[in-house]
Amino acid sequence: MDEALDPFAGLDEVRWSRMRHAYGYAGDVPELLRGLAHPDPAVRETALDGMYAAVHHQGDIYPCTIAAIPFLLRLAAQPGLPGRPEVVRLLAGIGSAEDPGELTGAYRKANQAVAAAYPLWERLLEDADPRVREAAAEVLPACLDQSRTALTRLTALLAGEGVTAVRVVEGDPGVRAVEGDPGVRAAFVRALGTLARCVGEPDAALRDLLAGIVAADPDPGLRLVTLAELASLPGAADGPPVAEVEDVLQVVSAVYRSGTAGVPPAGFETGTLVGAVRRLREQEDEGRHAPRAAELVRSVSSSFGDRVADRVRLLTALLRVPDRECRLDALWPAALLIEGWRGDYGELVGEIGEQVRDGHARTRPRAVSVLQQLGPLAAPAADALVEALTAAPGRVLPHTSTDEGRVAWVVEWPSDLPTVGPALEALGRTGDERVLPMLAWVLDHEPMPRHTGSLVVAFGPRAAPLVPLLRSRLRDLPCGDRQDDRRDGMAYALAAIGPAAAEALPDLLDGPVTPAVLRALVAVAPDAPACLPILREAAAGQDRRLAVQAAAALWRIGQDDGAALAVAGRCLDDDSTYAWRDGTELLAELGPAAAPYVVRLRRLARRKDPHHWLPLSAARALWRATGDRKPVLPVLERAWAANVHTRREVAALWAEIGPPAADAAGLLSAELARSRRHNASDDSYHSAAVGEDEKLLGLCRTALAAVGGSG
């Protein structure tokens, strides 16, 4: 049979069993490829899941991935076959359409194979199936060499010029159709924006086209999509704003009034990850009037970029509207803004707190989840959190119930220890003392939730009323289980409380010695004779972490530099970078007493390290040992520039050095002037990012004042 009629011609002639994918030999690829075009949608979904799970696992490209491309292209090209939109999107992923630049090896080969099919993609932009047209637009960014041609073609299709598609106006085969499907038009606009950024040059005609859509298109959803892309065109950030907040609010309001299409239930289950994602989207759309508006709000908020004040005004206003869907959809963009940019968020966070008061099954858990990541910045919502928690005293819920708007003090998990409820954790991270009685209840709960100790740590000496409970838990929590660090959490909490927890000394002594216990011993009873034998034994032991901490404690308690120098020497004689860093950190504690190791510290400060942590530690020890800034300051500047995560430590050391580090004033001032958080990333996330950046800002101000800048 001709390949044009049989997309699987030659499929069984490929030596699939000699290739591998993420889960072993690729002999199952022919079955997966055939499944992509099966009449049964459940079979197609299962096959698609297999392709993403094994053949294109987490974006990886294997020889079998490249060998599958010709067959996928035939499936995409054949009109009438089911599942073509999903196949086209799979090819977009294989071709690295989201990030087609700087590809090498198999990734470059895959991109070249997908890009070589550009005539097909251009043809599919006018396919009879609107979902195929929509998917085809998503492939175009993979075709870098055809970017300008694709820009021209998409512009013509949106403007209704030169349309040569097989699609016709119903009843009149002589009339050509102008693209009118809202989803396709939105996909075309997004592709135009992506392609324009790839080309990198502002285009007046494209700007005019998009501006015309924003000004006059009857579809408010398309106007929002277009506004976001218009704002992200090359050079847009250097000119006047493409829209003001008030104008955007009017369009957003129109979107929620008119509604958007949702995903109807498919009516089947496959037990696959692809199926689970599809089902989740169906559930999210269920009962909503404007399910696609959430993505539009997120995009238009992001389009304001570094205009933080405008984004705050926009999202604050959206959180105040009567429409609950709109308020729900504004919460994630608010989280993305606060987590990625610096600004004055008091009013915005207060409105997020109002969504906690709302109590709705969707709005409340999302608002709590946002606040949970903000640390002290969640303080304007503390009253709302307290009200929600006190309305449900001591509530313990399974994790499946926390997404239903019910506030839990403790969350239970099917096969693990419980955890502190997200609302209680959010309140605890603010430092609001009203949480302390709640933490007392949680400490007394059986089984005690994970991470309770870390919440107590944040209160320091203010948590002294909890000492009896912490002591009790030290006595009854299990020891020696590497999967259960709750006892260490109690020790860290006692260490944070300090001398006010001295009564806990017998409980600390009665149990295994860990780094947490050592820290607590020194913090709660630094002069207790009973501590010294334990510290000396740990310093002489083989456990490096214990030895370093014990030696540092002996130095702080009694200025015993002999033990500290001996442990530091053992670390530096090791062949591990981690041991060297432990040694340099210990020597930094000793100050001038570290003089015997100055030569080695100079050598380590010059050592190449892609992350710069070891040279930074050595430089700190060198400065404290010698007071000589000359070999130290270049190390600090290199670390600052090469690894943003070192900046808190670098700023603290500049503050310590003072006026001799005056040249750092420019770097400190530039950091304080940045809109983006220093650790903001589009590719990763961690829950402490906001708190770490806020600490950096405080350290920069202190350092700037210390070095002689205008702190």
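The rules behind each value
- Residues numbered from 1 in each chain as written.
- Predicted model: local features only at pLDDT ≥ 70, side-chain atom pairs only at ≥ 80, totals over all residues.
- Heavy atoms only, no water.
- Phe/Tyr/Trp six-rings, centres within 6.5 Å; stacked < 30°, edge-to-face > 60°.
- Helix = DSSP H or I, 4+ residues; strand = E, 2+ residues; numbered from the N terminus.
- Buried < 20%, exposed > 50% of the residue type's maximum accessible area, 1.4 Å probe, protein only.
- Lys NZ or Arg CZ within 6 Å of the ring centre and 35° of its normal.
- Contact = heavy atoms within 4.5 Å.
- Disulfide = S-S within 2.5 Å.
- Pairing = 2+ DSSP bridges.
- Axes fitted to C-alpha atoms, helices over the stretch in contact; angles between N-to-C directions.
- pLDDT = per-residue confidence, 0-100.
- Core = buried A, V, L, I, M, F, W, Y, C linked by side-chain atoms within 4.5 Å.
- Arc of directions from axis to C-beta.
- Salt bridge = Lys/Arg side-chain N within 4 Å of Asp/Glu carboxyl O.

Enquirer: With reference to specific residues and values, describe the packing of aromatic side chains.
Expert: On inspection of all chains with the given rule, the structure shows three aromatic pairs. Judged by centre distance (6.3 Å) and plane angle (50°), the rings of Trp16 and Phe71 are tilted. Remark: Phe71 occurs in helix 3 (residues 63-77) and Trp16 occurs in the segment before strand 1 (20-21); sequence separation between them is 55 residues. Taken individually, Trp16 and Phe71 each receive the classification buried, so the pair is uniform in this respect. Between Trp409 and Trp441, the aromatic rings sit 5.5 Å apart at their centres with planes inclined by 85°, giving edge-to-face as the arrangement. Of this pair, Trp409 sits in the loop between strand 5 (396-398) and strand 6 (410-413) while Trp441 sits in helix 21 (residues 436-444), placing them 32 residues apart in sequence. What makes Trp409 buried here is its relative accessible area of 7%. If you follow Arg278 out to its NZ or CZ, it ends over the ring of Phe268, 4.6 Å from the centre. The aromatic ring of Trp341 is capped on one face by Arg311, whose charged end is 4.2 Å from the ring centroid.

Enquirer: Before we move on, can you summarise the side chain of Arg486 with the specific residues and values?
Expert: Mapping Arg486 onto the fold places it in helix 24 (residues 486-497). Setting aside residues up to four positions removed in sequence, Arg486 forms contacts with Leu417, Pro447, Met448, Pro449, Arg450, Leu477 and Pro478.

Enquirer: Could you give me a rundown of the environment of Arg324, with the residues and numbers involved?
Expert: Checked against the element boundaries, Arg324 lands in helix 16 (residues 324-340). The spatial distance from the C-alpha of Arg324 to the C-alpha of Asp40 is 38 Å, given a sequence separation of 284 residues. Among residues more than four places away in sequence, those in contact with Arg324 are Asp358, His360 and Thr363.

Enquirer: Can you break down the state of the cysteines residue by residue, with the values?
Expert: Per the counting criterion, the structure on display carries zero disulfides. Between Cys531, a cysteine without a disulfide, and Cys479, which holds the nearest cysteine sulfur, the sulfur-to-sulfur distance is 18 Å. Take Cys531: its relative accessible area is 1%, and that puts it in the buried class.

Enquirer: Tell me about the sheet that holds strand 7 (residues 416-420), and name the residues and values.
Expert: Spatially, the three strands line up as an open sheet ordered 5-6-7, and their pairing is mixed. Both outer strands of the open sheet, strand 5 and strand 7, are each paired with one neighbouring strand and no more. Neighbour to neighbour, the strand axes of the sheet diverge by 25° on average, direction disregarded. Where strand 5 and strand 6 come together, three bridges link them in parallel fashion. For Leu397, the partnering residue across the bridge sits in strand 6 and is Val411.

Enquirer: Can you break down the confidence of the model for the chain residue by residue, with the values?
Expert: Averaged over the chain, the pLDDT score is 90; the fraction of residues at 70 or greater is 96%. Across residues 162-176, confidence stays below pLDDT 50; counting only partners more than four residues off in sequence or on other chains, it has 25 contacts.

Enquirer: Tell me about the nonpolar core, residues and numbers included.
Expert: Judged by nonpolar contacts, the single largest core of 222 residues is most densely connected at Leu33, Leu72, Trp121 and Trp654. When near neighbours in sequence (up to four residues on either side) are disregarded, Trp121 contacts Leu73, Ala76, Val88, Leu91, Val114, Ala136, Val139, Leu140 and Cys143.

Enquirer: Requested: an account of helix 35 (residues 665-673), with residues and values cited.
Expert: Each full turn of the α-helix corresponds to 3.6 residues, which orients residues three or four apart in the same direction. Inspection of helix 35 places Ala665, Leu668 and Glu671 among the buried residues, and these make up the whole buried set. The buried residues of helix 35 occupy one face: seen down the axis, they fall within an arc of 130°.

Enquirer: Lay out helix 18 (residues 363-372) with the relevant residues and their values.
Expert: Burial analysis of helix 18 places eight of its ten residues in the buried class, which makes it a mostly covered element. Along helix 18, the positions that sit buried rather than exposed are Thr363, Arg364, Pro365, Ala367, Val368, Val370, Leu371 and Gln372.

Enquirer: Residue-level account of the side chain of Ser147, with values.
Expert: As for its position among the elements, Ser147 is in helix 8 (residues 147-159). A residue is classified by how much of its surface remains accessible, and Ser147, at 5% relative accessible area, is buried. Aside from chain neighbours lying at most four places away, what touches Ser147 is Leu195, Cys198 and Val199.

Enquirer: Describe the pattern of salt bridges, listing the residues and the values that go with them.
Expert: If you walk through the whole model with that rule in mind, you get 53 salt bridges. Between Arg320 and Glu351 there is a salt bridge; the shortest N-O distance is 3.0 Å. One end of the pair, Arg320, is in the loop between helix 15 (308-318) and helix 16; the other, Glu351, is in helix 17 (residues 346-358), with 31 residues separating them in the sequence. By relative accessible area, which is 47% here, Arg320 ends up partly exposed. Glu503 is paired through a salt bridge with Arg471; the nearest N and O atoms lie 3.5 Å apart. Within this pair, whereas Glu503 is found in the loop between helix 24 and helix 25 (505-509), its partner Arg471 is found in helix 23 (residues 467-476), the two being separated by 32 residues in sequence.

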